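So the chains spell out like this:
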Amino acid sequence: MLAPIFSVDICLVPESALGNALQFIDLLRSANLLARLRLGHHAPRLAWRLRDAGGRPLPALPGPWEVYGDTAVDGPAQATFIPSFHAADIPAIRQVVARHPGLVRQIGVAVDAGQTVLTVGSGAWLAAASGRLQGRTASLPWFYMAGFARDFPGIGLAPDQDWTDDGPWMSCALPHGLSQLAIALVHRALGKELGDACHTVLVPDHARARAAVQANAQQHIPATRDSTLARAIAWMEEHLDQPYSLEHLAQVAAVSTRTLLRHFRAELAQSPLDYLHALRCARAKVMLEVTLESVPSIAVACGYADPAAFRRIFVRHMGMPPAEYRKRHALRAPRRRWRVDMAGA
């Protein structure tokens, strides 16, 4: 049975504060990690899609930014996220809204379809301009409140709240409220248990921190116990370039091969060998990006004596051959250019 997915469209315009969007995605990723730790690979998850003002997909982000790209399945989203945008003053905010009528209409369609709309700071102007949120209450920075009240007298303001959850509209005044906004979304999307767990992890609790330090100092909190998966994974990470042996890996983990396979399938939904291939491909990506080593040399460094086998596995995991990946993502200049640069130096 497939795990439930709650999808969020993240709408970006040229004026958007990109940091808001990246911080929000980091919070969604943290929520997914926590859900996976608690419920295994059957846990529900949050997914996101990057969209422009017209609702069109944005190009994939390169290199280490790939993790911020689209993860959602096809079909309509359940929520729309509007970050704040860079504008010098309230007249400039109004100009941004006027430049993007398509996004305003898109937000209206989203509300009509039952989606949740999430806004940060001045992003509230775009949501309010849709005309679908009359009678709702929003949180804004204090310096925007007077201008917003003049533009949208039918929308209430929450001067004493950093963030607000009012039906289809969740809003936070400033970026530091994004954690609470994400937690509220987790409550709504994934349920109270995971929402409460995210609150425990993502919201600072100084009293709890002091208690943990004191308990640790008095040796009331023992070290985390070892586990079958932890032992096996740690060994694979340290021996990526060595031949794979299920029997030897089971010995390292101090279990039978059958038990080891059961643990991997139950917790990670894959075999130890599949997990090892993923680790090796992660090392190969780094080497392709930052070194000038040949593909056969990288194959050996990643545990593959046969370069052809390495290429097949890399294509399966990355969707492209190693040479094509290097062409797209290399952080070093081509060898011939590097040599010319060195000669000039």
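A brief report on the enclosed structure follows.

Parameters and conventions
Residues numbered from 1 in each chain as written. Predicted model: local features only at pLDDT ≥ 70, side-chain atom pairs only at ≥ 80, totals over all residues. Heavy atoms only, no water. 1 Å grid on protein atoms, 1.4 Å probe; cavity = no way out; pocket = protein on both sides within 12 Å on 5 of 7 lines; lining within 4 Å. Points joined across faces, edges and corners; volume = space filled by probe spheres on them. Helix = DSSP H or I, 4+ residues; strand = E, 2+ residues; numbered from the N terminus. Nonpolar A, V, L, I, M, F, W, Y, C, P; charged D, E, K, R; others polar. Buried < 20%, exposed > 50% of the residue type's maximum accessible area, 1.4 Å probe, protein only. Pairing = 2+ DSSP bridges. Phe/Tyr/Trp six-rings, centres within 6.5 Å; stacked < 30°, edge-to-face > 60°. Lys NZ or Arg CZ within 6 Å of the ring centre and 35° of its normal.

**Considering the layout of surface pockets**
- As a volume, the largest pocket reaches approximately 720 Å³.
- Looking at the largest pocket, it is lined by 18 residues, and the ones nearest its centre are Arg-29, Glu-66, Val-67, Lys-285 and Met-318.
- Mapped by element, the contributors of at least two residues to the lining of the largest pocket are helix 1 (18-39), helix 12 (272-290) and helix 15 (322-329).
- With three residues, helix 12 is the single largest residue contributor to the lining of the largest pocket.
- For the lining of the largest pocket, the residue count by class is nine nonpolar, three polar and six charged.
- The calculated volume of the second largest pocket comes to roughly 370 Å³.
- Along its surface, the second largest pocket is lined by 16 residues, and Leu-33, Arg-36, Leu-37, Gly-40 and Glu-267 are the ones closest to its centre.

**Description of the environment of Trp-235**
- Relative to the helices and strands, Trp-235 resides in helix 9 (residues 228-238).
- Put simply, Trp-235 and Leu-249 are 14 residues apart on the chain and 7.7 Å apart in space, counted from C-alpha to C-alpha.

**A look at the pairing of strand 3 (residues 79-82)**
- Neither face of strand 3 is exposed, since Ala-79 and Phe-81 on one face and Thr-80 and Ile-82 on the opposite face are all buried.
- Of the strand pairs in this sheet, strand 1 (residues 5-11) and strand 3 are connected by three bridges, and their pairing is parallel. Bridge pairing in strand 3 links Ile-10 to Phe-81.
- Taken together, the four bridges between strand 3 and strand 4 (residues 116-120) define a ladder with parallel strand orientation. Bridge pairing in strand 4 places Phe-81 opposite Leu-118.

**Concerning the packing of aromatic side chains**
- A complete count under the given rule lists ten aromatic pairs for this structure.
- Between the aromatic rings of Phe-264 and Tyr-275, the centroid separation amounts to 6.0 Å while the plane-to-plane angle is 70 degrees, which identifies the pairing as edge-to-face. Of this pair, Phe-264 sits in helix 11 (residues 257-268) while Tyr-275 is found in helix 12, placing the two residues eleven residues apart along the sequence. Like Tyr-275, Phe-264 is buried.
- Of the aromatic side chains, those joined through ring pairs into one cluster are Trp-125, Trp-142, Phe-143, Tyr-144, Phe-148 and Phe-152.
- Over the aromatic face of Tyr-68 sits the side chain of Arg-29, whose NZ or CZ is 5.7 Å from the ring centroid.
- Against the face of Tyr-304 rests Arg-280, its NZ or CZ located 4.9 Å from the ring centre.

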